[in-house]
Amino acid sequence: MLGISDLFRQEIRVINLGVEAFALTLERLGVPVIHVAWSPPAGGDPRKAALLAALTEDEEE
Amino acid sequence: MFRSSLASTSSPSGPFPASRREEGHATEPVRILRWSLALRERILTAPPEAGRVHSVFERALNILWHDGALVALHGPAPLAAPFAAAVTRLPEAGHLTPGTRVFHRENRILLGPCVLDIEGGTLVDITIHPTHEGSGLLASALKALAMPAGAPGLSSPSGRSAQRRLADGIRNRDAQAFIEGACALVGLGEGLTPAGDDYLVGALAVLRHFAHRWLEEQPEIRAAIGAAAQVGTTIVGRDFILHALDGAFSEPILHLVTTTSERDARRAVAYLAETGGTSGADTLHGICLALEALEFLTTRNHIRSIRGRRIHPASGVCSK
Amino acid sequence: MLQVNAETVRTLVKKSAYHDSVTLLVLARQLRSGDGITLAAALMATPANKELLAQSGLLTPEAAAAGVNDLVIVIQADSATAAEVALSQAEAFFTAKQERLQGAGRPMPRTLESARRHLPDANLVVISVPGTFAASEARKALSLGLHVMLFSDNVALEDEVALKQLAVKKGLLLMGPDCGTAIMNGVPLGYANAVPRGRVGLVAASGTGLQQVTCLLAARGEGVSQAIGVGGRDMTERVGGLMTLQALDALGADPATELIIVIGKPPAPVVREHVEARLRAIGKPCVMALLGRDVAVRQEGLLATVATLEDACEATIAALRGAAWTSRPFNAPPGEIHRRVQAVRQTLAPEQRAVRALYAGGTLAHEAALILEPLLGPVATNLMPGSTGRHSVLDLGADEFTVGRAHPMLDPTLRVEAIRQAGLEPDVAVLLLDVVLGHGAGPDPAGDLVPAIEAAQAEARARGRDLTVVASVIGTAGDPQGLEPQVARLEAAGAWVLPSNAQAARAAACIAGGEPVMRSLLGPGEA
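*Asks:* I'd like to hear about the overall build of chain B, residue by residue, with values.
*Replies:* When helices and strands are counted, chain B shows 12 helices and nine strands. Across the 320 residues of chain B, 50% fall into the buried class. Counting only contacts in chain B whose residues sit at least 6 apart along the sequence, the fraction spanning at least 24 positions is 68%.

Shown next, in the form of structure tokens:
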């Protein structure tokens with residue numbers, strides 16, 4: 001919860017994954033944003049992708 | 001300082017760092033490299049909502065500042081406009097669209113995702129100061145060089161007659177003729193900064209350096225041209241002209257007009273000649289025209305004084 | 001000055017076009033070298049240049065009308081065709097240039113991790129990738145310590161629970177899944193409106209619900225501290241209100257938030273208990289807007305429960321300003337409502353008795369159905385499969401309508417079609433619509449519907465009927481489309497525009513149901 005309260009005091013800086021229009025709207029408003037030209041990881045296989053993600057998470061924690 | 005910066009720039013089109021498309025390029029904050037005192041003042045005193053991105057080009061961008069005038073940013077290079085700052089790296093063109101809000105927070109300027117650190121930066125004097133020297137050196141240096149072709153628009157009937165009037169004004173110390181020529185040049189011709197504006201700015205640079213008193217003593221020149229610039233040309237052209245009327249110019253123009261050596265003059269001409277489409281060339285033509293007109297005046301005065309008759313021109317002539 | 005040969009001269013004006021000189025030179029050269037081109041000019045439309053054009057017989061009316069910061073391209077050819085070809089070349093030139101500029105040097109990160117290297121102090125990841133992958137991307141973001149806004153729907157319930165547990169553990173936000181609207185630190189995210197910053201915090205399990213409430217607050221001069229979306233399923237038993245509770249804690253601790261509004265459907269009882277307990281512990285006034293059947297409207301200490309989005313706004317204003325409030329059906333005086341409804345009803349044919357509601361916003365459709373049913377009887381709606389009735393409420397943003405098609409807020413085609421259809425149906429008395437403005441909506445949502453509205457009315461008239469259109473516009477003056485111009489557009493097309501969705505639904509009910517409905521809403525009224 002401390003994290004959310006911190007967010008309230010920061011400047012919103014966005015990473016946008018998916019629909020580019022959202023990034024463009026934010027740009028026009030002067031919000032720092034970077035758009036990710038996202039494509040499915042792991043060759044588009046959702047199960048592999050989930051596995052990859054879980055592996056990464058393990059490293060983090 | 002100019003010499004070294006000219007030497008370090010590989011070409012006038014700018015030694016901008018190659019844009020990095022690869023991932024993994026860390027974002028360092030962008031910093032101001034050089035700017036004028038006046039621009040620094042405008043930027044540091046800006047409110048939190050400092051302005052909006054006005055136009056974006058491959059090597060520069062313009063911000064419509066809260067005070068209604070432009071602020072330009074470009075990469076490492078001599079200041080290409082009196083209202084420009086050179087920064088370490090120009091924000092990537094794709095990141096900023098016209099209309100993007102620009103914010104001023106403490107010692108930073110925020111444009112979209114780009115952060116510009118405004119704490120440092122070399123202060124540059126971009127005003128052309130009057131000189132007591134004659135314009136002979138510059139005039140002869142330029143005569144020896146081939147000038148590139150200017151914009152077609154200036155060779156039109158209106159363009160030619162405007163140039164003639166401008167020259168008449170300088171030769172005869174006729175403010176009215178000068179104003180007519182200048183106002184006919186405002187907004188004339190090709191370019192986002194119309195060719196006539198470049199031409200006029202070149203001429204004003206020469207007058208500012210070599211015939212400063214005449215300009216000062218004809219306040220109607222400044223008023224009339226300023227008024228024409230407000231309504232008769234693009235916002236970019238307007239700002240170049242208004243700054244010129246205040247004595248502020250881009251570094252390349254400043255360096256050429258204030259040069260004290262033929263070699264420097266050659267280099268400065270080469271730099272200008274490659275600027276823009278015909279922008280630099282049009283500026284050079286304006287410089288040449290003003291110099292010729294001044295030389296004519298000087299020669300005439302000289303001849304007259306040799307004949308023993310001192311002519312007191314209607315208003316203070318250039319130094320001699 | 002030469003005359004312009006209208007046959008073989010074409011003009012292209014690019015307003016506020018700032019192209020560097022080299023670009024313009026290249027263009028002019030290209031154009032001049034085209035087949036059959038006799039003259040081509042690319043100039044800024046300054047007075048001096050207009051004079052130049054006039055001297056060559058190229059000062060067309062369009063060029064003359066352009067301003068000093070507009071670029072004018074004038075082409076003269078030896079045939080109309082050649083001129084047209086050159087003109088489209090010029091257009092293509094600018095499109096290509098624009099694309100090059102956009103692509104030039106822009107970092108193109110392909111993953112979340114590499115994006116983070118370009119924007120190292122990013123704090124929010126907005127995810128709108130397909131649902132099957134959205135969960136892993138969200139997990140990655142949370143692991144990196146970033147807050148998440150998850151637009152994507154189609155995320156498995158188990159994934160939602162796991163993600164929210166992770167978010168809670170790390171003290172982060174996970175707004176969603178299926179969260180399309182939020183306002184964080186005054187920044188509108190997704191489909192949100194331009195509302196002032198202020199003292200009201202909101203937690204919403206509904207996008208258009210959040211939009212309606214924030215817009216009504218803005219109209220009454222109250223602003224938003226934070227508007228946090230939690231996804232439609234958050235307050236179900238399985239998810240247990242995980243993100244709602246997290247958000248409430250944050251708003252409770254936020255000094256800028258003086259009152260909290262919770263918006264959604266009635267929660268599972270155990271979730272409701274937790275939420276209410278948390279709110280009592282926080283000690284700030286709170287309004288719960290729960291849209292469902294038979295919601296008991298009440299006030300318990302600092303906690304108010306209301307049944308419509310509009311009442312959420314009213315109760316909030318009252319609490320903030322220390323006044324009491326009672327729900328009222330319309331802003332306009334009862335006499336005015338009576339008069340208007342009577343006037344419309346006089347034009348109805350006897351068989352016209354039904355309300356046809358066509359909605360883009362899901363929650364707004366839900367609210368409309370909840371208001372219409374007690375007043376008019378059974379309502380058929382795709383929100384409640386198996387429902388039947390004379391009247392119908394369609395949520396055109398629902399899955400069955402958006403397969404292979406953009407949401408109606410982006411693509412009005414389906415709604416336009418349905419509106420036209422309504423004109424052909426003999427039993428339809430009134431068409432009920434929502435028009436949602438704000439970021440993310442198109443440039444002219446009202447304008448998108450007007451031709452269809454007019455066509456439907458014309459169809460009805462051709463069959464000897466009058467079709468009434470009732471609408472509400474969800475937006476603010478600060479929205480890109482502007483509230484007033486949008487309302488005006490609809491009114492000009494003959495629509496009756498009410499200040500809120502709830503009032504619009506009631507007005508539609510009055511028109512279809514006549515005196516009995518009006519009496520129940522307004523009391524015995526004038527004839």
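*Asks:* Quick rundown of the pairing of strand β18 (residues 428-436) of chain C? Include the residues and the values.
*Replies:* Residue and element names in this part refer to chain C. Here β18 lies mainly inside the structure; nine of its nine residues are buried. Examined bridge by bridge, strand β15 (residues 354-359) and β18 share five bridges and lie parallel to one another. Across the sheet, residue Val 355 finds its bridge partner in β18, namely Val 430. Alignment of β18 against strand β19 (residues 468-474), held across seven bridges, turns out to be parallel. The partner of Leu 432 across the bridge, within β19, is Val 470. Handedness of the β-α-β unit built from β18, helix α16 (residues 445-462) and β19 comes out right-handed.

*Asks:* Give a description of the interface of chain A and chain C that names residues and reports values.
*Replies:* Taken residue by residue, the interface counts 34 residues in chain A and 43 residues in chain C. Listing elements by their share of the side of chain A that touches chain C, those giving two or more residues are α1 (2-9), β1 (14-17), α2 (20-28), β2 (33-36) and α3 (46-60) of chain A. Per-element accounting of the side of chain A that touches chain C gives the leading share, seven residues, to α3(A). Across four bridges, the pairing between β1(A) and strand β4 (residues 124-127) of chain C is parallel. Looking at the pairing, Ile15(A) lines up with Val125(C) of β4(C).

*Asks:* Describe the environment of Val436(C), naming the residues involved and giving the relevant values.
*Replies:* With respect to the helices and strands, Val436(C) occurs in strand β18. Not counting the four nearest positions on each side in its chain, Val436(C) is found in contact with Thr208(C), Gln211(C), Ala360(C), Gly361(C), Met409(C), Ala441(C), Pro445(C) and Ile474(C).

*Asks:* How would you explain the pairing of β1(A) if you had to name every residue and give the values?
*Replies:* Residue and element names in this part refer to chain A. A two-sided burial pattern is seen for β1, the buried positions comprising Val 14 and Asn 16 on one face and Ile 15 and Leu 17 on the other. As paired elements, β1 and β2 share four bridges and run parallel to each other. Its bridge partner being in β2, Asn 16 is matched across the sheet by His 35. As a crossover connection, the stretch from β1 through α2 into β2 is right-handed.

*Asks:* Describe the sheet that holds β2(A), and please don't skip the residues or the numbers.
*Replies:* Strand order in the open sheet formed by five strands is β2(A)-β1(A)-β4(C)-β5(C)-β6(C), and the pairing between neighbours is parallel. Every interior strand has two partners, whereas the edge strands, β2 of chain A together with β6 (174-175) of chain C, have only one. Sheet analysis places β4(C) next to strand β5 (residues 147-150) of chain C, joined by four bridges and oriented parallel. The residue bridging Val126(C) from the neighbouring strand is Met149(C), located in β5(C). In the packing of helix α6 (residues 131-143) of chain C onto the sheet, contacts are made with β1 of chain A together with β4, β5 and β6 of chain C, and the angle to β5(C) comes to roughly 160 degrees.

*Asks:* Run through unusual backbone geometry, naming residues and quoting values.
*Replies:* All names here are of chain C. With omega at -5 degrees, the peptide bond leading from Gly 176 into Pro 177 counts as cis. Positionally, Pro 177 belongs in the loop between β6 and β7 (181-184). Phi is positive for Asn 154, which is not a glycine, with a value near 65 degrees. Its place among the elements puts Asn 154 in the loop between β5 and α7 (157-170). In the Ramachandran plot, Asp 294 falls in the positive-phi region, its phi being about 55 degrees despite a non-glycine side chain. Under the C-beta neighbour-count criterion, Asp 294 is labelled exposed, with 8 such atoms within 10 Å.

*Asks:* Which residues make up α16(C), and what values go with them?
*Replies:* Residue and element names in this part refer to chain C. The end-to-end C-alpha distance of α16, which contains 18 residues, comes to 27 Å, matching closely the 26 Å that a straight helix rising 1.5 Å per residue would cover. All buried positions along α16 are accounted for by Pro 445, Ala 446, Leu 449, Ala 452, Ile 453, Ala 456, Gln 457 and Ala 460. Along its buried surface, α16 packs onto α15 (413-424), β18, β19 and α17 (483-492). Two residues or fewer past α16, Gly 464 is found with a positive phi of approximately 75 degrees.

*Asks:* Requested: an account of the environment of Arg420(C), with residues and values cited.
*Replies:* Residue and element names in this part refer to chain C. Mapped onto the secondary structure, Arg 420 falls in helix α15. Here the alpha-carbon distance between Arg 420 and Ala 458, two residues 38 residues apart in the chain, equals 9.6 Å. The contacts of Arg 420, once residues within four sequence positions are left out, are Ala 452, Ala 455 and Ala 456.

Rules of the game
Residues numbered from 1 in each chain as written. Chains lettered and ligands numbered in written order. Predicted model: local features only at pLDDT ≥ 70, side-chain atom pairs only at ≥ 80, totals over all residues. Helix = DSSP H or I, 4+ residues; strand = E, 2+ residues; numbered from the N terminus. Buried ≥ 20, exposed ≤ 12 C-beta atoms within 10 Å, placed from the backbone. Contact = placed C-beta atoms within 7 Å. Pairing = 2+ DSSP bridges. Right-handed = clockwise from strand over helix to strand, strands pointing away. Axes fitted to C-alpha atoms, helices over the stretch in contact; angles between N-to-C directions. Expected span 1.5 Å × (residues − 1).

These figures capture arrangement, not role.
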